[in-house]
Amino acid sequence: DVKVTQSSRYLVKRTGEKVFLECVQDMDHENMFWYRQDPGLGLRLIYFSYDVKMKEKGDIPEGYSVSREKKERFSLILESASTNQTSMYLCASSTRQGAASPLHFGNGTRLTVT
Amino acid sequence: GDSVTQMEGPVTLSEEAFLTINCTYTATGYPSLFWYVQYPGEGLQLLLKATKADDKGSNKGFEATYRKETTSFHLEKGSVQVSDSAVYFCALRSSQGAQKLVFGQGTRLTINP
């Protein structure tokens, strides 16, 4: 089974802090994704990556950056956390086999910014 | 751009009731369609998928048929159980461009014994 592991289940940070959310997958998947989940809004794509050192903006990249130095690891960075970034963050991975390939998700990190 | 519209929730049913959660989509090309389920405190799990028109995806008693003519992918189950209580997400993945997964807003389902 594919395993996508997010390093923290819960995080509490202060406004203005730099925050790192880590994600590791163990199935040698090329594609990795970061989504945020908010009630009534579903999941919205922040950033994704098709390969090492490669990144693409999703629908809501403002206030975020990402890093992919190794194939198995994809980090989401909040440069200066704000209260409107309080959310559930979900990491996912998939193979590069086109649209039919499903995404595999981690259990999420619930971030609270105070 | 691509989009998915799901039936508004929450939905509350009694055990053994018939379930339908409506999902319609807008997309260019020929997307693949998915239903994901999220149990309390967990991430999303793939429930079923369909990759072309008239395909039927099925898993754990749930079914959904890819209807290109009505751009729909409604989720159904003939007899729900308490353990089916979860949030259900319809999603599409485009065959063009970035192939990102686009989600509906989710439908919370509660099954009462």
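It should be noted that the structure appears before, not after, this text.
Residues numbered from 1 in each chain as written. Chains lettered and ligands numbered in written order. Predicted model: local features only at pLDDT ≥ 70, side-chain atom pairs only at ≥ 80, totals over all residues. Heavy atoms only, no water.

**Examining the overall build of chain B**
Inference 1: Looking only at helices and strands, one finds 0 helices and 12 strands in chain B.
Inference 2: In chain B, the succession of helices and strands from N to C terminus is β-β-β-β-β-β-β-β-β-β-β-β.
Inference 3: Computed over the C-alpha atoms, the radius of gyration of chain B is 14 Å, within 12% of the 13 Å expected from 2.2 N^0.38 for a compact globule of 113 residues.
Inference 4: Each of the three principal axes of chain B carries a C-alpha extent, and together these read 45 × 30 × 20 Å.
Inference 5: A sequence separation of at least 24 residues applies to 56% of the contacts in chain B between residues at least 6 apart.
Inference 6: Per element, the accessible surface of chain B, about 5,200 Å² overall, is 47% carbon and sulfur. (Helix = DSSP H or I, 4+ residues; strand = E, 2+ residues; numbered from the N terminus. Rg over C-alpha atoms; globule rule 2.2 N^0.38 Å. Contact = heavy atoms within 4.5 Å. Areas by Shrake-Rupley, 256 points an atom, 1.4 Å probe, with all protein chains shown as cover.)

**Quick look at the environment of Gln6 of chain B**
Residue and element names in this part refer to chain B.
Inference 1: Among the structural elements, Gln6 can be located in strand E1 (residues 3-6).
Inference 2: Judged by relative accessible area, which is 4%, Gln6 ranks as buried.
Inference 3: For the pair Gln6 and Cys90, spaced 84 residues apart in sequence, the C-alpha to C-alpha distance is 6.9 Å.
Inference 4: Setting aside chain neighbours within four positions, we find Gln6 in contact with Ile21, Asn22, Trp35, Tyr88, Phe89, Cys90, Gly104, Gln105, Gly106 and Thr107. (Buried < 20%, exposed > 50% of the residue type's maximum accessible area, 1.4 Å probe, protein only.)

**Some points on the pattern of salt bridges**
Residues and elements named next belong to chain A.
Inference 1: What the rule picks out here adds up to 10 salt bridges over all chains.
Inference 2: For Lys18, the salt bridge goes to Glu79, with nearest N and O atoms at 3.6 Å. Remark: Glu79 occurs in the loop between strand E9 (73-78) and strand E10 (87-94) and Lys18 occurs in the loop between strand E2 (10-13) and strand E3 (19-21); sequence separation between them is 61 residues.
Inference 3: Its relative accessible area of 46% is what places Lys18 among the partly exposed residues.
Inference 4: Note that Asp38 is salt-bridged to Arg36, the shortest N-O span being 2.8 Å. Across the pair, Arg36 and Asp38 agree in class, each one buried.
Inference 5: Among the charged side chains, a network of salt bridges with common partners joins Arg36, Asp38 and Arg44. (Salt bridge = Lys/Arg side-chain N within 4 Å of Asp/Glu carboxyl O.)

**As for the packing of aromatic side chains**
Residues and elements named next belong to chain B.
Inference 1: Enumeration according to the criterion identifies 13 aromatic pairs over all chains in this entry.
Inference 2: Measuring from centroid to centroid gives 5.6 Å for Phe62 and Tyr88, while their planes differ by 40°, and the two rings are tilted. Residue Phe62 is located in strand E8 (residues 62-65), and its partner Tyr88 is located in strand E10 (residues 86-93); the two are separated by 26 residues in the primary sequence. This pair shows no difference in class: Phe62 is buried, exactly as Tyr88 is.
Inference 3: Ring geometry for Phe89 versus Phe103: centroids 6.1 Å apart, planes at 90°, classification edge-to-face. Taken together, the residues Phe89 in strand E10 and Phe103 in strand E11 (residues 101-103) connect sequence positions 14 residues apart. (Phe/Tyr/Trp six-rings, centres within 6.5 Å; stacked < 30°, edge-to-face > 60°.)

**Here's the deal with the sheet that holds E8 of chain B**
Residue and element names in this part refer to chain B.
Inference 1: Taken together, the 4 strands give an open sheet; going across it, the order is E3-E9-E8-E7, and neighbouring strands pair in antiparallel fashion. Both edges of this open sheet fall to strand E3 (19-21) and strand E7 (56-59), since each of them pairs with a single strand only. If you compare each strand with its neighbour and ignore which way they point, the axes differ by 15° on average.
Inference 2: Bridge analysis of E7 against E8 gives 4 bridges, and the strand direction is antiparallel. Pairing of Ser58 across the sheet is with Glu63, part of E8. (Pairing = 2+ DSSP bridges. Axes fitted to C-alpha atoms, helices over the stretch in contact; angles between N-to-C directions.)

**Regarding the interface of chain B and chain A**
Inference 1: Across the boundary between the two partners, chain B contributes 23 residues, which contact 24 residues of chain A.
Inference 2: For the chain B and chain A pair, buried surface summed over both sides reaches about 1,800 Å², with 53% attributable to carbon and sulfur atoms.
Inference 3: Our count for the chain B to chain A interface comes out at 1 salt bridge.
Inference 4: At the junction of chain B with chain A, the criterion picks out 8 residue pairs in polar contact (both at pLDDT 80 or more).
Inference 5: Among the secondary structure elements, those contributing two or more residues to the side of chain B that touches chain A are strand E5 (32-38), strand E6 (44-50), E10 and E11 of chain B.
Inference 6: Ranked by the residues each element gives to the side of chain B that touches chain A, the list is headed by E5 of chain B, at 4 residues.
Inference 7: Each residue belonging to the side of chain B that touches chain A can be placed in one class, and the counts come to 8 nonpolar, 11 polar and 4 charged. (Buried area = accessible area lost by both parts, 1.4 Å probe. Polar contact = N/O pair within 3.5 Å; in protein donor to acceptor, adjacent residues only side chain to side chain. Nonpolar A, V, L, I, M, F, W, Y, C, P; charged D, E, K, R; others polar.)

Function-wise, these values are silent; they only describe arrangement.
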